[in-house]
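Secondary and tertiary structure notes
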Amino acid sequence: MSDVSTLDPQQLRAWLQGAANRDAVAFRSLYDATSSKLFGFALRILTKRELAEEVLQESFVAIWNNAGSYQSHLAAPMTWMTTIVRNKAFDLLRRSDVSVEIDGEQFDSEVINALQDPGATPIEALQMSSDAKALAYCMSALEGLHRQVIGLAFFHDLSHSEVAAQMALPIGTVKTWIRRGLERLKTCLTKRERS
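Description of the structure in this document. (Residues numbered from 1 in each chain as written. Predicted model: local features only at pLDDT ≥ 70, side-chain atom pairs only at ≥ 80, totals over all residues. Heavy atoms only, no water.)

L46 and I63 are the most contacted members of the largest nonpolar core, which has 31 residues in total. At the level of elements, α1 (9-20), α2 (24-46), α3 (49-66) and α4 (77-94) are the ones that each hand at least two residues to this core. One finds M139, L142, V163 and V174 within the second-largest nonpolar core, a separate group that totals 16 residues. (Core = buried A, V, L, I, M, F, W, Y, C linked by side-chain atoms within 4.5 Å. Buried < 20%, exposed > 50% of the residue type's maximum accessible area, 1.4 Å probe, protein only. Helix = DSSP H or I, 4+ residues; strand = E, 2+ residues; numbered from the N terminus.)

Here is the structure:
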């Protein structure tokens, strides 16, 4: 099991290139180095182990099939693979009745982890960490249901109607909570920026 901070983006790029050339050994190395991190990311979104395992498998099939389309100048390897996992997880949420809750206590560290990029320079990493902490702080200040509605809409990429269906709320309520929540977030982030 590798820690994402020890993963060498150059090595990941080489393994992705190998996978693009249908090198099963390179793909296995990529899988061994990244699967635990990507599984953890899927598990944070889906909260159920069996669903996260399903998404991880689908994601690595997609990584194998699309490794040739990876463009290193657009994203770090872990960012590219995490995006695939994220999209597969949200696809699963959309086609199922899985309920997702956002745990306020875990939110801070998970936002920060999701935004960290092993390819970022130290200055970029510091800035992302600072921005993520500010967002996590401001999100945690929202009421639980409001935080959950915003989280589903923006972090889980669900439409207003999908959020309404998921939470069994009227769509007007969802739209109002999102609008008010975003206003509170903006106010909070502005205050933190000034301090």
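Here the narrative resumes.
The next thing to look at is the packing of aromatic side chains. All told, the structure shown has four aromatic pairs when counted by the stated rule. Judged by centre distance (5.0 Å) and plane angle (65°), the ring pair of F27 and W64 falls under edge-to-face. One end of the pair, F27, is in helix α2; the other, W64, is in helix α3, and 37 residues separate them in sequence. Assessed through its relative accessible area of 23%, W64 is described here as partly exposed. Here Y31 and F60 contribute two aromatic rings whose centre-to-centre distance is 4.7 Å and whose plane-to-plane angle is 65°, an arrangement assigned as edge-to-face. Of this pair, Y31 sits in helix α2 while F60 sits in helix α3, and the two are 29 residues apart along the sequence. Y31 sits in the partly exposed class, given a relative accessible area of 29%. What makes F60 buried here is its relative accessible area of 5%. (Phe/Tyr/Trp six-rings, centres within 6.5 Å; stacked < 30°, edge-to-face > 60°.)

A few words on the packing of α3 against α4. Axis separation between α3 and α4 bottoms out at 9 Å; the angle between their running directions is 130°. The angle between α3 and α4 falls in the class oblique. Considering the relative orientation of α3 and α4, their crossing is right-handed. Counting all contacts with α3, which are made through L51, E54, V55, E58, S59, A62, I63 and N66, the residues of α4 involved are W80, M81, I84, V85, K88, A89 and L92. Class assignment of the residues belonging to the contact of α3 with α4 gives a composition of 10 nonpolar, two polar and three charged. (Axes fitted to C-alpha atoms, helices over the stretch in contact; angles between N-to-C directions. Parallel < 35°, antiparallel > 145°, perpendicular 65-115°, else oblique. Left-handed = near helix turned anticlockwise from the far one by under 90°. Contact = heavy atoms within 4.5 Å. Nonpolar A, V, L, I, M, F, W, Y, C, P; charged D, E, K, R; others polar.)

Our next topic: the side chain of T34. With respect to the helices and strands, the residue T34 is situated in helix α2. At a separation of 2.7 Å, a polar atom in the side chain of T34 contacts the main-chain carbonyl oxygen of L30. In this structure, T34 is in contact with L7, L12, F60, M78 and M81, ignoring residues within four places of it in sequence. (Polar contact = N/O pair within 3.5 Å; in protein donor to acceptor, adjacent residues only side chain to side chain.)

A word on helix α8 (residues 160-167). Within α8, the full set of buried residues consists of V163, A164 and M167. Buried residues in α8, looked at end-on, bunch into an arc of 100°, giving them a common side. Looking at the buried side of α8, the elements it contacts are α7 (144-155) and α9 (171-194). Where α8 ends, the next residue or the one after it, A168, has phi of about 55°, a positive value. (Arc of directions from axis to C-beta.)

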